[in-house]
Amino acid sequence: MDHELIVNPRYNFNSWLQNTALCLYQARKLCVAGDAEWTVSSWKMNQLNRTLSFQGKVYVVNWEDGLTHATTSSGRESTVVCSGHDVMEVEVTLCFLFFIIFEVGGKGWRRAQDARSVTYGPMADRDQQRMNNLNYIYNSDDVHCVNLLRMRKAPFFHLCDLFRSRDLLSDSIHASVEEQVAMFLHVVGHNQRFRVVDLTFRRSGETISRYFQRVLYAVGELRSEMIVPASTNVHSKILGSRRWYPYFKDCIGALDGTHVLARVPKRMQPAFRGRKGLTQNVLAAVSFDLRFTYVLAGWEGSAHDALILADALVRPDGLRVPPGKFLLVDAGYAVRPGFLPPFRGTRYHLREYGNNRPQNPRELFNLRHSSLRVTIERAFAALKNRFRILDNKPFHTYRTQVKLVLACCILHNWILGYGDDEHVPDEAT
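What comes next is a walk through the structure. Because the structure is predicted, anything quoted here is derived from the model rather than measured. (Residues numbered from 1 in each chain as written. Predicted model: local features only at pLDDT ≥ 70, side-chain atom pairs only at ≥ 80, totals over all residues. Heavy atoms only, no water.)

## Quick look at the overall build of the protein chain
Right, on to step 1. Helix and strand counts for the protein chain come out as 15 helices and 12 strands.
Right, on to step 2. In the protein chain, which comprises 429 residues, the share counted as buried stands at 44%.
Right, on to step 3. Pairs at least 24 residues apart make up 60% of the contacts formed inside the protein chain by residues separated by at least 6 positions. (Helix = DSSP H or I, 4+ residues; strand = E, 2+ residues; numbered from the N terminus. Buried < 20%, exposed > 50% of the residue type's maximum accessible area, 1.4 Å probe, protein only. Contact = heavy atoms within 4.5 Å.)

## Quick look at helix H4 (residues 142–149)
Right, on to step 1. For H4, the complete set of buried residues consists of Cys145, Val146 and Leu149. Along the axis of H4, the buried positions cluster into a sector of 100°, meaning they face one direction only.
Right, on to step 2. The secondary structure elements touched by the buried residues of H4 are helix H3 (125–139), helix H5 (153–165) and helix H6 (177–190).
Right, on to step 3. Where H4 terminates, the next one or two residues include arginine 150, which has phi positive at roughly 70°. (Arc of directions from axis to C-beta.)

## Quick look at the environment of glycine 205
Right, on to step 1. Position of glycine 205 among the secondary structure elements: in helix H8 (residues 205–220).
Right, on to step 2. Overall, the relative accessible area of 39% leaves glycine 205 in the partly exposed class.
Right, on to step 3. For the pair glycine 205 and arginine 195, spaced 10 residues apart in sequence, the C-alpha to C-alpha distance is 5.8 Å.

## Let's talk about the pairing of strand S9 (residues 277–286)
Consecutive side chains of a regular strand alternate in pointing toward one face of the sheet and then the other.
Right, on to step 1. In terms of burial, S9 is a largely internal element, nine of the 10 residues being buried.
Right, on to step 2. Two elements, strand S7 (residues 251–261) and S9, share eight bridges in a ladder whose sense is antiparallel. If you follow leucine 261 over to S9, its bridge partner there is threonine 279.
Right, on to step 3. Here two bridges tie strand S8 (residues 273–274) to S9, and the two strands are oriented antiparallel to one another. When the bridges of S9 are listed, glycine 274 appears paired with glycine 277.
Right, on to step 4. Count of turn residues in the S8/S9 antiparallel hairpin: two residues.
Right, on to step 5. By the bridge criterion, six bridges tie S9 to strand S10 (residues 292–300) in an arrangement that is antiparallel. Pairing of valine 286 across the sheet is with phenylalanine 292, part of S10.
Right, on to step 6. Where S9 folds back on S10, the antiparallel hairpin that results is connected by five residues, among which leucine 290 adopts a positive phi of roughly 70°. (Pairing = 2+ DSSP bridges.)

Written out as structure tokens, the structure reads:
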């Protein structure tokens, strides 16, 4: 007796399917392990014994004490243990009929396994085009790689290796991890539809959509290590400037909101419509290295920045400012511990000064406050310059749009770990 399975027969169709599947599974295991060639012909049935025979090979089916035995002429035996004696005869008969049919299929399976070599046809034209396009992307210089993938070759391949080592993504028989990530970066970097990406990667829209969601999930898994609070040490940018030190020595970054174009159902549009159209309002904090230290996406475009900040402060995983430190904010936020806005009713933006020097202490403070808080404006500009999907109307569900904002911020921080590039605007002086 080779194998044993437990089934629970019932007088209903679903149970019959279950028992049939178990018998087929049992038959498949014997078929793979066997060395005989099995085929099917006719069968006859007695009250206690069932005999199934074909081309000289005999299958004897015995039903005794809840045990059903199927024995072939090669001497192999299969046993199915049932919980009672009330199995319908048609159920047992059909199960063993499928048993013999799968034994026939096993013959072809073994024959394929014994094949010493496999001859493939010529590569299809679309596959050849895809390989040529991928080789051009992978083997091009950093300039072309940034134009195509929005990052240099080093961060791209290191990111793929990270996904592979953590089992966040895996190579399939159809697409490597590099190709999956490249398809994702094409979509978010150029705001291309899946049907347009098909022209480059020669994949169906369903395939691109599936890998897009996988890479989006993998990038989101890096949030806890890529978006981290800023250091409490005095930043070198402040420490090395007489304009800001020691006045802003306890400043750890800047905070502001930005609007990202959104696509929502018609019934939700009034809440998302504001002076910049249909948008979602994203609250973010950045360090002076232009790295995002906190991101809260998903709020309606009509929501006020102060309301979103209040929500961020009460969330369990929300924004936290260390005691004695503060973030620079604009005049739209109130004065509160941890947040320093400029003086209201006084010149503030750099373009308002031009060649006109500050006339009083408040203007001097606002000028230095503005020149330091411009860091977050540069971070937002670099983010939207790199990932055009954030600066154009998207083609995804709103839930995916929110995830994309966070994913782009994570990728932004990852790329800055390898240095600045042309997507980061120069600092105004």
